[in-house]
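# A closer look at the structure
Residue-level listing of the chains:
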Amino acid sequence: MYQKSRAWIELNIENLKHNVEQFRGLLPRDCALMPAVKANAYGHGAVLISKALQEHGVQSFCVASVTEGIELRNAGIEGEILVLSYTHPSQFQDLIAYHLIQTVVDGKYAQELQKDGREFTVHIGIDTGMHRLGERWENIEEILKIFHYPNLKVTGIYSHLCVSDGMSQMERSYTIEQIHHFEYVIEELHRNGIDNFKCHLQGSYGILNYSELCFDYARVGIALYGILSGIEDQINATIDLKPVLSLKTRVESVRVLYRGESAGYGLTYSTRKNQKIGVLSIGYADGVPRNLSNCGYVLCNGKMAPIIGRICMDQMMVDFSGMEQVEAGDEVVLIGKSGKLEIRAEDMANWAGTITNEILSRMGGRLERVAV
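Residues numbered from 1 in each chain as written. Predicted model: local features only at pLDDT ≥ 70, side-chain atom pairs only at ≥ 80, totals over all residues. Heavy atoms only, no water.

### A short note on the nonpolar core
Residues Ile 157 and Phe 320 are the most contacted members of the largest nonpolar core, which totals 111 residues. Among residues more than four places away in sequence, those in contact with Phe 320 are Val 251, Lys 276, Gly 278, Leu 280, Cys 300, Ala 305, Val 326 and Val 332. Grouped together as the second largest cluster of nonpolar side chains are seven residues, Leu 257, Tyr 269, Val 279 and Ile 308 included. (Core = buried A, V, L, I, M, F, W, Y, C linked by side-chain atoms within 4.5 Å. Buried < 20%, exposed > 50% of the residue type's maximum accessible area, 1.4 Å probe, protein only. Contact = heavy atoms within 4.5 Å.)

Okay, structure coming up:
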C-alpha cells in the first residue's frame with residue numbers, strides 16, 4: 001500500500017490529460033498522437049501513464065525496446081506499439097507474439113527480418129539528416145525494395161528531426177531541409193504506386209515549432225509531461241503545458257553542525273557558523289544527480305533550502321538554518337510545489353548541467369509512482 005514513506009513520485013493525471021488536449025488542439029485534425037512512453041515514460045511510469053492515455057483516447061505508443069512493449073501489452077495496453085530501436089533476432093518471436101511494430105533501422109536489417117521467414121509488421125526508418133538510424137532518404141530503390149519484401153508488412157515510414165528545438169537560421173534551415181527530404185521520399189513512394197502507409201516525423205519540438213506539418217502521427221515525448229528539455233528553450237507554439245510529475249522525499253534526521261565541521265563524503269562542505277542540517281532519504285540511486293552536490297535547492301514547508309555536501313547513494317543533506325519548524329518525517333519537494341514556491345524539472349536540470357530528459361529518465365525504480 002502506498003505510504004509516501006521514503007521517497008516517491010506523484011503524477012497529476014489531470015495535468016496529463018490537459019496536455020493531451022493542448023497538443024490535439026495544436027496539431028492538424030487528422031494527425032494522431034503517438035506518445036513516446038520509452039524509458040519508463042521518461043521516468044513517470046510507463047504502465048500508469050499509458051493506461052491513463054489509453055483511457056483518454058490515445059491508441060498508438062512508441063517504446064525503445066521489445067521489453068518495454070511487452071510490459072505494456074501485459075498491462076493491457078492495446079492499439080499500436082512501435083519499437084523505435086534495434087531488436088536482436090533472438091527476440092523476433094516476441095515481435096509477433098505481442099503484436100509489436102518493429103523499426104527497420106536500415107536496408108541490411110530489413111534483409112535480416114525477411115530471411116527469418118516469419119511475417120513482421122514494420123515501419124521503415126528514413127535517415128533525413130540525423131544520421132543515427134534509418135535508410136538514407138536518397139536510397140529510394142532500397143526503400144522500395146523493403147516495401148516489396150513478402151515477409152515485411154510495411155505500415156509506416158518515419159524520420160526524426162535533430163535540431164527542431166533550435167531557433168537559429170542554421171537550425172531552422174537544416175530542419176526544413178530534413179522535412180523536404182522526408183516529403184521527397186513520400187512523393188517517390190506515391191509515384192511508384194505505394195500509398196498504403198502512415199507517416200510521422202515530429203517529436204516534441206517538431207510539434208511545438210512546426211505544428212503546421214500534416215502527417216499521420218506525432219511522436220510527442222518530453223513535452224507531453226508538461227516539461228521542456230531546457231530552462232531557456234524557446235518555442236513558437238502558443239500552448240499551456242502543465243507539469244505532470246512531482247518528486248518528493250522525507251526528512252530523516254535534523255541535527256546541528258557546529259562551526260568548522262564538515263558534512264558528507266570527501267569533506268567538501270564546511271560550516272562557517274552553527275547550522276541546522278537535514279538529512280533526506282533520497283540519493284543518486286533514486287536518480288538525484290550527483291552533480292547537485294553543493295548546488296541546487298529543495299523545498300520544505302514552503303521555504304527553499306540549499307543542498308550541501310556530496311549526494312550519497314541513498315541520502316543527501318540540506319541546510320535548514322533559519323527554518324524553525326522542521327523535523328524528521330517532514331515532506332521535502334525536489335521537483336514540484338511547496339507553498340508558493342516551485343522547483344521545476346527544468347530548474348533541477350539547469351543546476352545539474354544537463355537536460356530534463358536525462359534527469360527524469362534516470363529516476364530509480366524504487367521510487368513509487370502514484371497518481372494523485
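Moving on from the model shown.
### Describing the layout of surface pockets
Roughly 750 Å³ of volume is contained in the largest pocket. If you go around the largest pocket, you meet 37 residues; those closest to its centre are Lys 38, Met 130, Arg 132, His 160 and Arg 219. A class-by-class count of the residues in the lining of the largest pocket yields 17 nonpolar, 15 polar and five charged. Computed from the structure, the second largest pocket encloses a volume of approximately 270 Å³. Surrounding the second largest pocket, 21 residues form its lining, Asn 15, Pro 243, Leu 245, Ser 246 and Glu 342 being those nearest its centre. Within the residue set of the lining of the second largest pocket, elements represented by two or more residues are strand E1 (7-11), strand E11 (245-257), strand E18 (331-338), strand E19 (341-343) and helix H10 (345-352). Top contributing element to the lining of the second largest pocket by residue count: E18, with three residues. The class makeup of the residues in the lining of the second largest pocket is ten nonpolar, five polar and six charged. (1 Å grid on protein atoms, 1.4 Å probe; cavity = no way out; pocket = protein on both sides within 12 Å on 5 of 7 lines; lining within 4 Å. Points joined across faces, edges and corners; volume = space filled by probe spheres on them. Nonpolar A, V, L, I, M, F, W, Y, C, P; charged D, E, K, R; others polar. Helix = DSSP H or I, 4+ residues; strand = E, 2+ residues; numbered from the N terminus.)

### Some thoughts on unusual backbone geometry
The bulk of non-glycine residues show a negative phi, and the bulk of peptide bonds are trans. Even without glycine at this site, Asn 40 takes up a positive phi of about 60°. Looking at where Asn 40 falls in the secondary structure, it is placed in helix H2 (residues 38-42). Here Asn 40 falls in the partly exposed class, since its relative accessible area comes to 30%. The backbone of Asn 294 shows a phi angle near 65°, a positive value even though the residue is not glycine. Examined against the element boundaries, Asn 294 turns out to sit in the loop between strand E14 (275-280) and strand E15 (297-300).

### Overview of the environment of Tyr 258
Relative to the helices and strands, Tyr 258 is located in the loop between E11 and strand E12 (262-263). What makes Tyr 258 partly exposed here is its relative accessible area of 49%. Distance in space between the C-alpha atoms of Tyr 258 and Ile 157 is 64 Å, their sequence separation being 101 residues. Contacts of Tyr 258, omitting those with residues within four sequence positions, involve Thr 271, Lys 273 and Asn 274.

### Quick word on the packing of helix H1 (residues 13-26) against helix H3 (residues 46-55)
Contact geometry of H1 with H3 gives a least axis separation of 10 Å together with a crossing angle of 55°. With respect to H3, the axis of H1 lies oblique. In the packing of H1 onto H3, the handedness of the crossing is right-handed. Each of Ile 13, Leu 16 and Val 20 in H1 lies in contact with H3, whose residues at this interface are Leu 48, Ile 49, Ala 52 and Leu 53. For the contact of H1 with H3, the residue count by class is seven nonpolar, no polar and no charged. (Axes fitted to C-alpha atoms, helices over the stretch in contact; angles between N-to-C directions. Parallel < 35°, antiparallel > 145°, perpendicular 65-115°, else oblique. Left-handed = near helix turned anticlockwise from the far one by under 90°.)

### A short note on H1
For H1, spanning 14 residues, the distance from its first C-alpha to its last is 20 Å, which sits close to the expected 20 Å at 1.5 Å a residue. Among the residues of H1, Ile 13, Asn 15, Leu 16, Asn 19, Val 20 and Phe 23 are the ones counted as buried. Along the axis of H1, the buried positions cluster into a sector of 155°, meaning they face one direction only. Of the exposed residues in H1, the ones pointing more than 90 degrees away from its buried face are Glu 14 and Gly 25. For H1, the elements touching its buried residues are E1, strand E2 (32-33), H3, helix H9 (204-209) and strand E20 (368-371). (Expected span 1.5 Å × (residues − 1). Arc of directions from axis to C-beta.)

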